[in-house]
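Per-entry structural report
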Amino acid sequence: MTPAPTLPLLGFAAWSGTGKTTLLEQLIPLLVSRGLRLGVLKHAHHDFDIDQPGKDSHRLRQAGASQMMVASRRRHARIIETDLGEADFRELLASFDQRSLDLLLVEGFKHEHFPKIELHRAAIGKPLLFPLDRDIIAVASDQPAETTLPRLDINDLEAIADFVCAYLVQSRQQEQAPGAGFLSVEGARQAILDTLEPATRSIDLPLARCHGAVLAGDLVSPINVPPHANSAMDGIGLRSDDLAAGRWQLVGEVLAGQPRSAPVLAGQAVQIMTGAPLPPGVDTVVMREETRLDGEWVSVSAPVKAGQNVRQAGEDLALGAVAIAAGTRLGAPQLGLAASLGQATLTVRAPLKVALFSTGDEVQAPGETLAPGHIFDSNRFTLMALIAGAGCEVMDLGIIPDDPAILRQQLAQAAGDADLVLSSGGVSVGNADFIKQVLAELGQIAFWRIQMRPGRPLAFGKLGQTPFFGLPGNPVAAMICFLQFVEPAIARLQGRVWQPLRLSALAEQQMKSRPGRTEFLRGIFHQDASGVLRVRTTGPQGSGILSSMADANCLIEIVPAQPAIAVGERVWIHPLQGRVA
């Protein structure tokens, strides 16, 4: 069965001569002006060439290159020879970067099944297509059509744009609806984020204790940085209106932190050190290596440009400018910047409190004698580290047994004390019914099936007003669900924008996946001698093989439209440095 792509598709079906391309050429600017990021896939019935004969890329293809990529500063294009027949429709869809698009418009491919708008003009003299094409969802024509489908005026581009935007909104709502079968990873994540608001508690902390904290409000610079014009290097300070003199008398030396109040007059110069404030009159610095000293006189051995080698007041940061934006997680550069502005304390968001527990009578704490049929609780310790790494305080509730009364009491208390409650295990279809019953009694929890592997079962909702996540019990699945859903939720609660690093790499081995779902393989990437990123898996990929995460430095993402990855094919990777350390 051919999987549906995660990116919404909308095609345009019409007889030849109707003007599909002309209409799209006029429609696309309207949709872009409404903020949509569009991709277009067009089918050509005739042979075509986007190269010009004589150009380098055309010559290299003619020489025998089966794949040719040409890149410039503004764009790049990949040309692939398909001597064995047309490329598969779904493979073409998979080649788009779906993360950077909102909608993919398709012209042609009339035998493929996806939603389409029929375009019809009476002057063409052809019958309407919709009676025989069940993929058509609307008809845009210049004459009335007897149909229950939405009818649009083909000459009213604004109305067509309105329909496209409404279709996109409806597609997103259907994807994000918890009861709509399997959710995509992106749909589930967005549905979660839409329910969350940043916490409002803030505290004042000494600068030395702010590492990893999230700034509560914009830090506005109270001064210019640098506070005064100064020399960018050791050398000789001159007046720009006196550069023609050719020879100047040295009248002093200016050191960093020791300003000179006496002005430098025409015919005069000063020795000046890096960082030293410019004395009155001086606005140009010649580096020491380009000067010649002769007693108290100095000359230069290279051309001099007015204003060279000078850092102006406020050049780095002007008085009143936003130095660090609210919602920034404070690292070493931000702390240094705050210190340079004279800030001894900062107002930061109070650390989120995350309550964490594991469930299951078969789960035992490390250090105990393992009973037959039992397992050690590894998830709680990996999740505690991930929570702390996200800048949160961990409330460790330990292992809660399969007892409804104990679970109810612990969850109720955690919901009152914590900003977020997180559990491991107890969310799959086969788990004890009382777990879901207790969650339902205390709040509104949805049990989702997500188009991903590992980590398909996920529970999300609220215990009262406190967000709750129920992660899978398999160790790798629990970690990947945390990275894909809990980490961005924590960022939203902290008032931050979640934006993980995602890179493109070449596969060093074949990788299999099941079409229709997102696969997250554990991988090891490296940079080859040419600077190209390459990636391989860590080995067996079972969701219970925790060593596959321990050995990995990235996750390899295989999107739903990719049935498999060949050697040399590009894949997305998510580096794990700084996320699981």
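Definitions and limits used
- Residues numbered from 1 in each chain as written.
- Predicted model: local features only at pLDDT ≥ 70, side-chain atom pairs only at ≥ 80, totals over all residues.
- Heavy atoms only, no water.
- Pairing = 2+ DSSP bridges.
- Helix = DSSP H or I, 4+ residues; strand = E, 2+ residues; numbered from the N terminus.
- Axes fitted to C-alpha atoms, helices over the stretch in contact; angles between N-to-C directions.
- Core = buried A, V, L, I, M, F, W, Y, C linked by side-chain atoms within 4.5 Å.
- Buried < 20%, exposed > 50% of the residue type's maximum accessible area, 1.4 Å probe, protein only.
- Domains from an automatic or database assignment.
- Contact = heavy atoms within 4.5 Å.
- Lys, Arg positive; Asp, Glu negative; His and termini not counted.
- Salt bridge = Lys/Arg side-chain N within 4 Å of Asp/Glu carboxyl O.
- Polar contact = N/O pair within 3.5 Å; in protein donor to acceptor, adjacent residues only side chain to side chain.
- Phe/Tyr/Trp six-rings, centres within 6.5 Å; stacked < 30°, edge-to-face > 60°.
- Lys NZ or Arg CZ within 6 Å of the ring centre and 35° of its normal.
- pLDDT = per-residue confidence, 0-100.
- Expected span 1.5 Å × (residues − 1).
- Bend = angle between axes of the 7 residues up to and from the residue.

Time to look at the sheet that holds strand β8 (residues 151-153). Working definition: the strands of a sheet are paired by backbone hydrogen bonds and lie parallel or antiparallel to each other. Read from one edge to the other, the open sheet built from 6 strands follows the order β2-β5-β1-β6-β7-β8, with strand pairing classed as parallel. Every other strand in the sheet has two partners, leaving β2 (38-42) and β8 as the edge strands with one partner each. The mean angle between the axes of side-by-side strands here comes to 25°, regardless of whether they run parallel or antiparallel. As judged from the 3 bridges shared by strand β1 (residues 9-13) and strand β6 (residues 116-120), these two strands associate in the parallel manner. Bridging from a neighbouring strand, Gly-11 pairs with Lys-116 of β6.

What follows covers the nonpolar core. Of all hydrophobic cores here, the largest spans 41 residues; its most connected members are Phe-469, Leu-471 and Phe-485. Taken together, the elements giving at least two residues each to this core come down to α5 (185-193), β21 (353-359), α7 (379-389), β25 (420-424), β28 (457-463), β29 (466-471) and α10 (475-493). For this core, the element with the most residues is α10, which contributes 12 residues. Residues lining this core come from more than one domain, with at least three contributed by each of domain 4 (353-494) and domain 5 (503-575). In contact with Phe-469, not counting residues within four places along its chain, are Ile-192, Leu-420, Val-421, Leu-422, Ser-423, Leu-458, Ala-459, Phe-460, Phe-485, Val-486 and Ala-489. Counting residues in hydrophobic clusters, the runner-up holds 25 residues, among them Leu-24, Leu-119, Ile-154 and Leu-157.

When you line up the elements, Arg-349 lands in strand β20 (residues 345-349). Buried charge Arg-349 goes without a salt bridge, the closest partner of opposite sign being Glu-197 at 9.2 Å. At a separation of 2.4 Å, a polar atom in the side chain of Arg-349 contacts the main-chain carbonyl oxygen of Ala-199. In this view, Arg-349 contacts Pro-198, Ala-199, Thr-200, Arg-201, Ser-202, Val-214, Leu-215, Ala-216, Gln-494 and Gly-495; residues no more than four positions away in its chain are not counted.

Quick look at the packing of aromatic side chains now. A complete count under the given rule lists 1 aromatic pair for this structure. Lying over the aromatic face of Phe-114, Lys-116 brings its terminal NZ or CZ to 4.9 Å of the ring centre. The ring of Trp-572 carries the charged tip of Arg-502 above its face, separated from the ring centre by 3.8 Å.

Moving on to the domain arrangement of the protein. If you check the domain split of the protein, you get domain 1 (9-177), domain 2 (202-224 + 316-349), domain 3 (230-311), domain 4 (353-494) and domain 5 (503-575). A C-alpha centroid distance of 38 Å is found between domain 2 and domain 5.

We now examine the confidence of the model for the protein. Averaged over the protein, the pLDDT score is 85; the fraction of residues at 70 or greater is 91%. In the predicted structure, residues 429-433 sits below a pLDDT of 50 and forms 2 contacts with residues beyond four places in sequence or in another chain.

Now for the pattern of salt bridges. If you walk through the whole model with that rule in mind, you get 16 salt bridges. The closest approach of N and O atoms between Glu-158 and Arg-34, which form a salt bridge, is 2.8 Å. In this pair, Glu-158 is assigned in helix α4 (residues 157-176) and Arg-34 in the loop between α1 (20-33) and β2, connecting sequence segments 124 residues apart. On the basis of relative accessible area, Glu-158 is assigned to the partly exposed category, the value being 41%. A relative accessible area of 35% places Arg-34 in the partly exposed class.

Given a rise of 1.5 Å per residue, 19 residues ought to cover 27 Å, and the 25 Å separating the end C-alpha atoms of α10 matches this to within 8%. When the local axis directions of α10 are compared, the greatest deviation, roughly 45°, occurs at Phe-482. Directly after α10, the chain includes Gly-495, whose backbone phi takes a positive value near 80°.

For Asp-316, the location among the structural elements is in the loop between β18 (310-311) and β19 (322-324). Here the alpha-carbon distance between Asp-316 and Arg-37, two residues 279 residues apart in the chain, equals 34 Å. Polar side-chain contacts of Asp-316 include one of 2.8 Å to the side chain of Arg-311.

Reading across from one edge, β15-β12-β14-β13-β17-β16 is the order of the 6 strands in this open sheet, with mixed pairing throughout. Strand pairing shows two members of the sheet lacking a second neighbour, β15 (284-287) and β16 (291-294), which therefore form its edges. Strand-to-strand twist of the sheet, defined as the mean angle between neighbouring strand axes without regard to direction, takes the value 40°. Here 4 bridges tie strand β13 (residues 248-254) to strand β14 (residues 268-272), and the two strands are oriented parallel to one another. Its bridge partner being in β14, Gln-249 is matched across the sheet by Gln-268.

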